[in-house]
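Structure at a glance
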Number of protein chains: 2
Amino acid sequence: MAGKKIYKTPSAYDYPLILKHLLHTPERFARDQEIVYGEVKRLTYAEFFERLGRLANALKHIGARPGSVIGVMDWDSHRYLECFFAIPMMGAILHTVNVRLAPEQIAYTINHAEDEILFVHRDFVPLIKAIRSRLKTVRTFVFLSDDPDTSVPGEFTGEYEGMLETSPSEYDFPDFDENTQATMFYTTATTGLPKGVYFSHRQLVLHTLAVAAGSNGMKPGGKGLAADDVYMPITPMFHVHAWGLPYVATMLGIKQVYPGRYEPEKLLKLIEKEGVTFSHCVPTILHMLLNHPLSRKINLSKWRVNVGGAPLSEALCREALDRGIDVYSGYGMSETCPVLTLALLRPDMVSWDKDLQVEVRTKTGIPIPLVDLRIADPEGRFLPHDGKSVGEIVVRSPWLTQGYFKDKEKSEELWSGGWLHTGDVGYIDRRGYLKITDRIKDVIKSGGEWISSLELENIILKHEAVDEAAAVGIPDEKWGERPVVLVVLKQEYVGKVSEDELIAFYRNLAHKGTIPKWAMPDRILFVNSLPKTSVGKLDKKLIRKQVLSTNAAKE
Amino acid sequence: MAGKKIYKTPSAYDYPLILKHLLHTPERFARDQEIVYGEVKRLTYAEFFERLGRLANALKHIGARPGSVIGVMDWDSHRYLECFFAIPMMGAILHTVNVRLAPEQIAYTINHAEDEILFVHRDFVPLIKAIRSRLKTVRTFVFLSDDPDTSVPGEFTGEYEGMLETSPSEYDFPDFDENTQATMFYTTATTGLPKGVYFSHRQLVLHTLAVAAGSNGMKPGGKGLAADDVYMPITPMFHVHAWGLPYVATMLGIKQVYPGRYEPEKLLKLIEKEGVTFSHCVPTILHMLLNHPLSRKINLSKWRVNVGGAPLSEALCREALDRGIDVYSGYGMSETCPVLTLALLRPDMVSWDKDLQVEVRTKTGIPIPLVDLRIADPEGRFLPHDGKSVGEIVVRSPWLTQGYFKDKEKSEELWSGGWLHTGDVGYIDRRGYLKITDRIKDVIKSGGEWISSLELENIILKHEAVDEAAAVGIPDEKWGERPVVLVVLKQEYVGKVSEDELIAFYRNLAHKGTIPKWAMPDRILFVNSLPKTSVGKLDKKLIRKQVLSTNAAKE
């Protein structure tokens, strides 16, 4: 402890970092600015501010109190944006229900979060009916529909629009401690039960400020997300607050477009019609949009896209740049609110040719303001930024989840040593850019060195015969683990390519010094398909098990 | 109080908002970026980071401890920037000595702040020698010079560069409570003793984030102060942290140019040579630069200038725009860290013609993120934003001084009713833009209405015969106060213009509805000159006294 503390007790000059304070700028600057919900609804910010008051009054009327958990199951809409603000601003907690989970998992998260009130879009009514008997805490259901004439199912207390209409717009949103919980949601669990993460007002306010400060200020030319932009999310609002960008856009009074359920044609039409200039999405959906026939008829050259959630491939990055799209990676996770880094060009890189830029834009990036991000070896020692030393990415910043909700053990694991462990491994290059090379649980640990399973996969995917690949480590007495690569050949190559030929493909790169010799796989195994998780990622755990049982059967 | 507090005790995930955390982004992003001190020195950010460690070690060596107050008397330099960071980062307090005060006031502030160590540029050595015997708390003097060969005066413990050279660059800047005091300085008192204001780490970090978020993000086109800009302050670093922009520029890794003492020719040469794109200054110096012969030879069309400290006149705004300079007002004060509002165009104003833009750019502006700024009547009721209702500007935000240092009475006055009272009066128009019309102590209160002394002065200054004018209120039995305007005529008009003629000038405007009839001055008094304060502002207090004694003599 150092220095003089100047704040002794809360007083007039104590001004908590709570979400309502994000609204002061747009309340002056953007009253006529628009918020658009697909083809369904357009409203001004002035109307939006009024609706926040109506929503809070409606919620109070049906029993919401400070600390109440209110779950929302909706597609991306102005309603969701209203919930992003009004629910935490009244001191309640917004649970953005992860609607992509399996029904039994959804029931688990609603019970585990202790939702008292549940907002349900009509598309999810059948799902709710199926799990209703298992829901232990919900006492009030509110119906959401885009069509005002839809009759409200019997088990619902009311319908969103109707409730707002009959509620007054004046609501005195209170001041309270900035460390009050504001939001929570559950990660998509690949194994085991979904895990809950949660964030306070202070954390969301600081994340909003730092993302706004970094996404414009760290960018040559300045243009990240600014007053004359048109923002449309293409990662869902139930997932890590749509990367926090709805908060940023609202604070800055930017025109916002919410597309409902994601359908490529609808998204492209909205981009054109509303003049969308900024979005964020996973690589898959960017690929889908660029390859949709409609996209060729649309000028995308004013569109800027931040890609995250999975690695942005060099091919996709180049494809987007060729279409005039300013595309770059970002990095974060559910546990981190989410934004940690952005792969923005440095001023001296702006004049670089496309190939060199692609290399930077597909990296994991530079920490945004206030993010202390490092790579550490298994003993917790920080590693140098030499572009070679690979370690686990650990992080500190003011907006990381305190832990997993009601799970002390996993929380302690997450925060071991006072740093949040991302479970990702990577290196930091001499220019300061982070590059993720693997998940720590997939990395192959051989003779004290780490071999990136992703890198081994990317290499063999460049071979013309290979359709899919998975690299895993299998136990080895001498080295601890040794890499094995499973390969699915393209139909036309089946039976025409040998293991030796593919091993030679690696050997050739080892001769060139591209990969170290000890990183070469010991075996290539041909398989007909590779097991995947519910979200389409390779199920490495199962793959390892299969390889081991095959080996055991052989021996 | 509402909701669940999720932080019970400080723990791993508690991450204080302290200044050292602003450096994570530039430490990765900007190691090769430059910091320039006039023609004297150029260093990279990598060297700057090293020098922060050296400075902290040097200070520790000469006895600085957490809580020590360290005064700095320097022109704008890289050294000052180093003090902005290293001193608070070690837990000590930076006192930026206001070197424009009178010597006896400077001695007062150094004693009042309890400076233990004082950094003194050679230009201020004679001044320090003159007041030395009166300094009660300083035990160590450090000499600053741009010329390494200068011999260090006997009373100085050492010289800045020499001390850095002999100190190691490794320093483990500690974590501590974010409410620890970081900086302090004294306002230019027009009457009485200078008043001390002070700011914590948390306040400076939040101010930095919000200014960065607002100055780019609230601007159509986004370009406020971003990665490829070149920043040069033209309001001194001892005055409200040079409006906080050195912290913003450093956080974002922007090239910085510090010009030393302000001389128009030197400033213009630096703008050209270093490619300066962003500055902030008072109107006087902008006027001076634009009218300097050298400025015609320089392309200023890439220069953006934020003007504050005094109203930006429409004429000066137009002049700057004609030169291609993106110019706009900002508002704040010593007590507010300082930035509260920026007069940025809304997206729909970008296509407006110049005259309409000038009207917006010269307003006081829109609150930056997290600033809750209102106008209130004398009973503390908030007034509507109708472009007519005039009230005192009161404010809340996370970066306002807690009070005046060691002055409980004035602190309570400043914070009366839980809002910081700016002492400025103005209105907010229907578009949300604030316009300051007067200082509250100069406003003329007549029959329950407020008459702006500034407005009365601006009107009569448009009359061809009038050189200077001052409007004051004098006591009136019926109305409380009534306006009287003192006028200094231009030499050639003396004796040729009558009081009735000037009254008629006002009456004409009242007929047109430009001013209300009751706001017309009762009397115009011709005088040879108007009394001014030490900083060149009209001394209204003295003027009122003179008018009253003249009136009394007449009666």
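Note that the coordinates shown come from a computational prediction; the quantities given were computed from them, not determined experimentally. (Residues numbered from 1 in each chain as written. Chains lettered and ligands numbered in written order. Predicted model: local features only at pLDDT ≥ 70, side-chain atom pairs only at ≥ 80, totals over all residues. Heavy atoms only, no water.)

Here we look at the domain arrangement of chain A
Residues and elements named next belong to chain A. Partitioning chain A into structural domains gives domain 1 (19-199), domain 2 (201-369) and domain 3 (444-554). Taking only C-alpha atoms, the centre of domain 1 and the centre of domain 2 are 25 Å apart. Taken together, the contact pairs 45 residues of domain 1 with 38 residues of domain 2. For the domain 1 face of the interface with domain 2, the top three residues by lost area are D76, F84 and F199, together amounting to 20%. The interface formed by domain 1 and domain 2 contains 3 salt bridges. Remark: the boundary between domain 1 and domain 2 carries 20 residue pairs in polar contact (both at pLDDT 80 or more). When residues of the side of domain 1 that touches domain 2 are traced back to their parent elements, those giving at least two are α1 (24-29), β1 (34-37), α2 (45-61), α3 (78-89), β8 (181-186) and β9 (196-200). Looking at which element gives the most residues to the side of domain 1 that touches domain 2, the answer is α3, with 7 residues. (Domains from an automatic or database assignment. Contact = heavy atoms within 4.5 Å. Buried area = accessible area lost by both parts, 1.4 Å probe. Salt bridge = Lys/Arg side-chain N within 4 Å of Asp/Glu carboxyl O. Polar contact = N/O pair within 3.5 Å; in protein donor to acceptor, adjacent residues only side chain to side chain. Helix = DSSP H or I, 4+ residues; strand = E, 2+ residues; numbered from the N terminus.)

Quick look at the packing of aromatic side chains
All names here are of chain A. A complete count under the given rule lists 34 aromatic pairs over all chains for this structure. Between F141 and F156, the aromatic rings sit 6.0 Å apart at their centres with planes inclined by 75°, giving edge-to-face as the arrangement. Taken as a pair, F141 in strand β6 (residues 140-144) and F156 in the loop between β6 and β7 (158-159) lie far apart in primary sequence, 15 residues in all. Grouping residues by exposure puts F141 and F156 together as buried. For the pair Y198 and F405, a centre-to-centre distance of 5.8 Å together with 70° between the ring planes defines the contact as edge-to-face. Taken as a pair, Y198 in strand β9 and F405 in the loop between β18 (391-396) and α13 (408-414) lie far apart in primary sequence, 207 residues in all. For the pair Y198 and F405, a shared accessibility class is recorded, and that class is buried. Members of the aromatic cluster, joined through ring pairs, are Y45, F48, F49, Y80, F84, F85 and Y247. Residue placement shows K195 over the ring face of Y404; its charged tip is 4.7 Å from the ring centre. (Phe/Tyr/Trp six-rings, centres within 6.5 Å; stacked < 30°, edge-to-face > 60°. Buried < 20%, exposed > 50% of the residue type's maximum accessible area, 1.4 Å probe, protein only. Lys NZ or Arg CZ within 6 Å of the ring centre and 35° of its normal.)

Regarding the interface of chain A and chain B
Counting residues at the interface gives 82 residues for chain A and 82 residues for chain B. Roughly 7,000 Å² is buried in total at the junction of chain A and chain B, and carbon and sulfur atoms are behind 62% of that figure. Scanning the region where chain A abuts chain B turns up 6 salt bridges. In this structure, A:R396 engages B:D175 in a salt bridge whose closest nitrogen and oxygen atoms are separated by 3.8 Å. Seen at the junction of chain A and chain B, the total is 18 residue pairs in polar contact (both at pLDDT 80 or more). Elements with a contribution of two residues or more to the side of chain A that touches chain B: α1, β9, α7 (201-217), β16 (366-367) and β17 (372-376) of chain A. Among the elements that line the side of chain A that touches chain B, the one with the most residues is α7(A), at 10 residues. Its residues assigned to classes, the side of chain A that touches chain B comprises 45 nonpolar, 20 polar and 17 charged. (Nonpolar A, V, L, I, M, F, W, Y, C, P; charged D, E, K, R; others polar.)

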